[in-house]
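Okay, here's what each chain looks like letter by letter:
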Number of protein chains: 2
Amino acid sequence: MEGEKLMKKVDIEALFIGPKSENQKFFKETLNFMIDEHTHWRRDFHPDDKAAISLHDQYRKDFVETLQRTQEVLLELSSKLRTSSIPWFSPRYLGHMNSDTLMVSNLAYMATLLYNPNNCAYEASPVTTALEIEAGRDLAQMLGYDPEKAWGHITSGGTVANYEAVWVARNLKSIPLAIKEVKPKLVAGLSDWQLLNMPVKKILDLLDHIKAAGLMDQVRDHSVKGMGVNDGQLGKLLVPQSKHLCWIKAADILGIGKNNLVSVQVDDNFRTDLKHLKDTIDRLVKKKVPILGVMSVVGSTEEGAVDKVHEVVKLRDKYEKEGISFYLHVDAAYGGYSRTAFLDEDNKFIPYHRLKTKLTKECGFERKIDWPPREVYNAFKAMSHADSITIDPHKMGYVPYAAGAVVMKDRRILDLITYFAAYIFEGGDNNPMLLGAYILEGSKAGATAASVWAAHRVVPLNITGYGKLIAKGIKGAISFHRSLGAQKPFAVDGRRFIVMPLTKPDFNIVDFAFNEVGNTSLSKMNDLNQKLYEQCSYSSGPVYKDDFITSKTSLDTDSYGNAPLKFVEKLGITKYEWEKTKSVYVLRSCVLTPFLDRHSTYDEYWANFMNTMKSKLDVIIKNGWK
Amino acid sequence: MEGEKLMKKVDIEALFIGPKSENQKFFKETLNFMIDEHTHWRRDFHPDDKAAISLHDQYRKDFVETLQRTQEVLLELSSKLRTSSIPWFSPRYLGHMNSDTLMVSNLAYMATLLYNPNNCAYEASPVTTALEIEAGRDLAQMLGYDPEKAWGHITSGGTVANYEAVWVARNLKSIPLAIKEVKPKLVAGLSDWQLLNMPVKKILDLLDHIKAAGLMDQVRDHSVKGMGVNDGQLGKLLVPQSKHLCWIKAADILGIGKNNLVSVQVDDNFRTDLKHLKDTIDRLVKKKVPILGVMSVVGSTEEGAVDKVHEVVKLRDKYEKEGISFYLHVDAAYGGYSRTAFLDEDNKFIPYHRLKTKLTKECGFERKIDWPPREVYNAFKAMSHADSITIDPHKMGYVPYAAGAVVMKDRRILDLITYFAAYIFEGGDNNPMLLGAYILEGSKAGATAASVWAAHRVVPLNITGYGKLIAKGIKGAISFHRSLGAQKPFAVDGRRFIVMPLTKPDFNIVDFAFNEVGNTSLSKMNDLNQKLYEQCSYSSGPVYKDDFITSKTSLDTDSYGNAPLKFVEKLGITKYEWEKTKSVYVLRSCVLTPFLDRHSTYDEYWANFMNTMKSKLDVIIKNGWK
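1. With respect to the interface of chain A and chain B
So, point 1. Across the boundary between the two partners, chain A contributes 136 residues, which contact 136 residues of chain B.
So, point 2. If one sorts the elements of the side of chain A that touches chain B by residue count, helix 4 (residues 61–84) of chain A sits on top with 17 residues.
So, point 3. By residue class, the composition of the side of chain A that touches chain B is 62 nonpolar, 43 polar and 31 charged.

The following block contains the structure:
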């Protein structure tokens, strides 16, 4: 697009309404323009048609009262919203994965809503189905897939995107056995074990033969798709121990069963422990239990940890040589868009030795912002080897809810989930399409697609656009982490406290906890941090007056083993205490806002934060905390 | 609410922007007011905080260029939208289940989007989670459930709502066998067959004992939830032959398998054939195959047919006496809101003998609008006996996409799908809730909840509100059906044509087809109607200039048996032809617009329609159709 070429530099400050509604004039003017475009479009459709609602109607008592009622309800709504909504827009909010959302996405959503397209069917959304396919293609390219062969689309969120990946993996796993039933020649000489360990690409290649032979429907009828799940036959799904609850839901919904999920431990950095992953696979293989799939996480929801995807890919390569294979999905619902920080203006993956210079130049990284570590870099680079990736525009895409996405490396995979006879891509992927036939969901708002598409058009999916925006958050997170680590013991009401950050962020989440100096009770420390959370969240009433708003999480041995031990030890908690209490309560800050240092300097931000926490501690002490 | 009491009469004309943007002034003013409320809310959060975006920033070259780029993209979007969107708002559109959407819902959505709540978690949506629960409660009450015991929530659409119902039915069916494993005493003396035929309420009562005994987790681990689906053990899912494709997807996704779907034939009115349903159940029971569930449809997507739910309920009662039971779900995604036409101003179901008077008084039904037939009335009345109901606000709720809903009769059912230990409803249903733990989806827009909630506040869910609005569409559909039936053969270019409606609408869908007088070839007739569709849809280019826009469907023997035979015979097609071609192509008009007779009189609307169709036939003939 011409505009894209003309505009060399995205200005982050021009992307949002802003913490002080700084860009409200632009927002309102553009919105009103879009509304006028719509209302005139209505008037210009058959200008010869008379009005359906006459002026006479509009002066009727019932008419006036109905408008009045409409306003009353909306005022009530606005009052509720302003009373209890969370001020995501402010740098004072460092909690969940939220911040301000892009003006262009909000405007695109609002304008498109009036046309009310439904992307379930092309006929109901000739415009926005095309935009969804374009947006999916954008993501495929950004993630390192070949956009001519990949397939991406928008879902209502990461949870549904992950379901779709499990759906694909499950159906795929059952295909070789189905082929054995329908056309045994094609897999002659292979044992069931071999059939259950066939690499993804090989299965899809075999399906090409099946399609050519006109046997696709028969094979599908003999697969899980037709027969239903059969008592764990397809094996185990390996998920990180720090598992998002959506995996438990996925195993339930997809008929796999929670008992067929296997947790893989995390290491001290809260990333999947590679050795344990390998041991788990070996143990299953020894028992002749197939691996249905391995789920890696890029940006865990609680710590922002990035699994070493490159090592998992290497591991799979190794196993494939030994006749073992599995589906590999990357849940990058949270972290996915961060890959843009590694792509140069031509969308090429930047060599590691040039990255720091680039980040300094484009994103203002000072020398002390020592990000990314090599293994995080390698992990992002290796994502393109996964069979599918979940990536949420409504998280690091700065787009309003609800917009998740899933991208599959090889679009032939769609044949496994559609009820159509064969896929209908012809020539390219901008063909009219009945999306509802290729996705888990049915009806879906075309406005969402417009919102994501528009974001990608204004903010390039590389270091000049999203990369820069996200890097500002990372820079804030690294600074915040460093300040927490450097904070000396401090006094409140004559008592002394310390604060300590969890691991160094893989990108933009910082977990941390306070303790009183000398306190060795973990449950008491947990109580302190819970009380701090309550003081900094909706649980002590609407947050509109709050000085700092955050979120929290609990890291327990069930989900994390001993990963948090080092951290609690730094806070003066013994191993014995940890093994007794088994859970540490931490405050959790996702730094999405690019405005952490914009009100003032970062140092002032930090001073303000510490003052706030001190005054909260003061309240807690005055309330009788001992 | 006071306003609700004050406003006795909803004025339909005051609910929409209108086909000629008649209410644009109100819409824009109210929207701008809501936006101002939001932007000032931002400014008033810590007024002492300095701006993050300075005036200096705003004059920067990059800043200006970024705003320019934002506008360029939005203008491109607006251009695309106006070029190819479908003018749902116009009475000239009688195609899919679309029309204008409520102003209050559009405004509520747009305003709430700026606060960007996520109803997955209460913490991210203190306002809109509460609104979602209220909206679910509204629907439960309207559908005849006890709102203190029922559970309703918003989904992304009817497809996902139906998945959730199948999910519940599937997990429920596996519970008695799980209890047998965990606490055999509780089901002592019952055979597996009896366990697989336990009525829904009895299973939930047993679960209360299990919960009290602290065995819930164990039972769940032994149910499908923990074990996964086991090769069809839970039986067959009975769906209408006219099945919506979502059932095929549901069977696949939920791991049941398409082969475990059983189609039940439809009768001449396209409603589930009760005798065939009974025969099917008998046949399965004889083979000792359990019935996982029966799906009834209130408002089939292609014909708007309403299954005789009351007869299905009666049938289940009969079977339960014989020791056979099954889950009953009603898919009222399309028809659900029509139940409001049967409820008086106190939300009581109106006696049949008073209904006509009510419809005449409230909805302007003339004597010739002979709706509803007794069996449609009974079906709507009996809906409250179903275990769950799908009902889509984005269809007959006149709310923008994407807003479906599912309502369950007995909220104890939630224990079957949550990963929590026990459900957390306490006292009432307005408690803060982590919705994500009780629904299929994860992240979801709180704006959708606001949109549905606001609609219900302005438009009462009875004959004074939605009932009146929907009845206007039904009135239009019945008139349209009668006109089609009364239309005499007519000439175009010296050739004579006829038109014939399919069955009389159960509520607001009219299917119809044209034929040339004397033509006895069904494939030729199909070709004619396909060409007419192409002339009246996006397939002949953007529809903005079109005089009439419609949709189509094909009724084939696979899905409908011989149900369409009488219809094609009336068009001069023999039974032999039907059996040869096996499919009839019809035009399909969903009459949601309340404005069919508002531009002018209905008679003028009809004359305009026929003139349009004649000119389309003329084009088709001139293009060489023989």
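2. Details of the pairing of strand 3 (residues 236–240) of chain B
All names here are of chain B.
So, point 1. Among the 5 residues of strand 3, 5 are classified as buried, and the element is accordingly described as predominantly covered.
So, point 2. Covered by surrounding structure in strand 3 are Lys236, Leu238 and Pro240 together with Leu237 and Val239, the residues of both alternating faces.
So, point 3. Here strand 3 pairs with strand 4 (residues 261–264) via 4 bridges, running parallel. Considered in strand 4, the bridge of leucine 238 is made with valine 262.

3. Details of the sheet that holds strand 6 (residues 327–331) of chain B
Residue and element names in this part refer to chain B.
So, point 1. Read from one edge of the open sheet, 7 strands run 2-8-7-6-5-3-4, paired in mixed fashion. Two strands lie at the open edges of the sheet, namely strand 2 (151–155) and strand 4, each paired on one side alone. The average angle at which neighbouring strand axes cross in this sheet is 20°, direction not considered.
So, point 2. Here strand 7 (residues 388–390) runs beside strand 8 (residues 404–408); their pairing, made up of 3 bridges, is antiparallel.

4. Let's talk about unusual backbone geometry
Residues and elements named next belong to chain A.
So, point 1. In this structure, alanine 402 follows tyrosine 401 across a cis peptide bond, with omega equal to -5°.
So, point 2. Among the secondary structure elements, alanine 402 is positioned in the loop between strand 7 (388–390) and strand 8 (404–408).
So, point 3. Of note, lysine 582 is a non-glycine position whose phi angle comes to about 65°, a positive value.
So, point 4. Note that lysine 582 resides in the loop between helix 23 (575–581) and strand 13 (583–590).
So, point 5. Residue lysine 582 is classed as partly exposed on the basis of its C-beta count, with 15 C-beta atoms lying within 10 Å.

5. Here we look at the nonpolar core
So, point 1. Val407 of chain A together with Val407 of chain B are the most contacted members of the largest nonpolar core, which totals 411 residues.
So, point 2. By residue number, the principal contributor to this core is helix 7 (residues 158–182) of chain B, which donates 13 residues.
So, point 3. Excluding residues within four positions of it along the chain, valine 407 of chain B makes contact with Gly136, Leu139, Ala140, Leu143, Tyr145, Ala150, Gly152, Ser388, Ile389 and Ile391 of chain B.

6. Points about the sheet that holds strand 1 (residues 93–94) of chain B
Residue and element names in this part refer to chain B.
So, point 1. Strand order in the open sheet formed by 6 strands is 1-12-13-11-10-9, with mixed pairing between adjacent strands. Unpaired on one side and paired on the other, strand 1 and strand 9 (490–492) mark the two borders of the sheet.
So, point 2. Relative to strand 13 (residues 583–590), strand 12 (residues 549–556) runs antiparallel, the two being bridged by 6 bridges. Across the sheet, residue serine 554 finds its bridge partner in strand 13, namely tyrosine 585.

7. Overview of the packing of helix 15 (residues 352–363) of chain B against helix 18 (residues 466–486) of chain B
Residues and elements named next belong to chain B.
So, point 1. With their axes 10 Å apart at the nearest point, helix 15 and helix 18 run at an angle of 100° to one another. Comparing their axes, helix 18 and helix 15 come out roughly perpendicular. Where helix 15 abuts helix 18, its residues Leu359, Glu362 and Cys363 lie against Lys468, Ala471, Lys472 and Lys475.
So, point 2. Looking at side-chain class alone, the contact of helix 15 with helix 18 contains 3 nonpolar, no polar and 4 charged residues.

8. Comments concerning the confidence of the model for chain A
All names here are of chain A.
So, point 1. Chain-level pLDDT for chain A is 93 on average; 96% of the residues reach the 70-or-more range.
So, point 2. With pLDDT under 50 throughout, residues 1–6 is counted as low confidence; its partners more than four residues away or in other chains account for 3 contacts.
So, point 3. With pLDDT under 50 throughout, residues 422–432 is counted as low confidence; its partners more than four residues away or in other chains account for 15 contacts.

9. Some points on the pairing of strand 3 (residues 236–240) of chain A
So, point 1. Relative to strand 5 (residues 291–297) of chain A, strand 3 of chain A runs parallel, the two sharing 3 bridges. What sits directly across from leucine 237 of chain A, in strand 5 of chain A, is glycine 293 of chain A.

10. Some points on the environment of glutamate 303 of chain B
Residues and elements named next belong to chain B.
So, point 1. Topologically, glutamate 303 is positioned in the loop between strand 5 (291–297) and helix 14 (309–321).
So, point 2. Residues glutamate 303 and leucine 139, 164 residues apart in the sequence, show an inter-C-alpha distance of 24 Å.
So, point 3. When residues no more than four places from it in sequence are discounted, the contact partners of glutamate 303 are Phe270, Leu502, Thr503, Ile509 and Asp511.

Reading guide: rules and limits
Residues numbered from 1 in each chain as written. Chains lettered and ligands numbered in written order. Predicted model: local features only at pLDDT ≥ 70, side-chain atom pairs only at ≥ 80, totals over all residues. Contact = placed C-beta atoms within 7 Å. Helix = DSSP H or I, 4+ residues; strand = E, 2+ residues; numbered from the N terminus. Nonpolar A, V, L, I, M, F, W, Y, C, P; charged D, E, K, R; others polar. Buried ≥ 20, exposed ≤ 12 C-beta atoms within 10 Å, placed from the backbone. Pairing = 2+ DSSP bridges. Axes fitted to C-alpha atoms, helices over the stretch in contact; angles between N-to-C directions. Core = buried A, V, L, I, M, F, W, Y, C linked by C-beta atoms within 7 Å. Parallel < 35°, antiparallel > 145°, perpendicular 65-115°, else oblique. pLDDT = per-residue confidence, 0-100.

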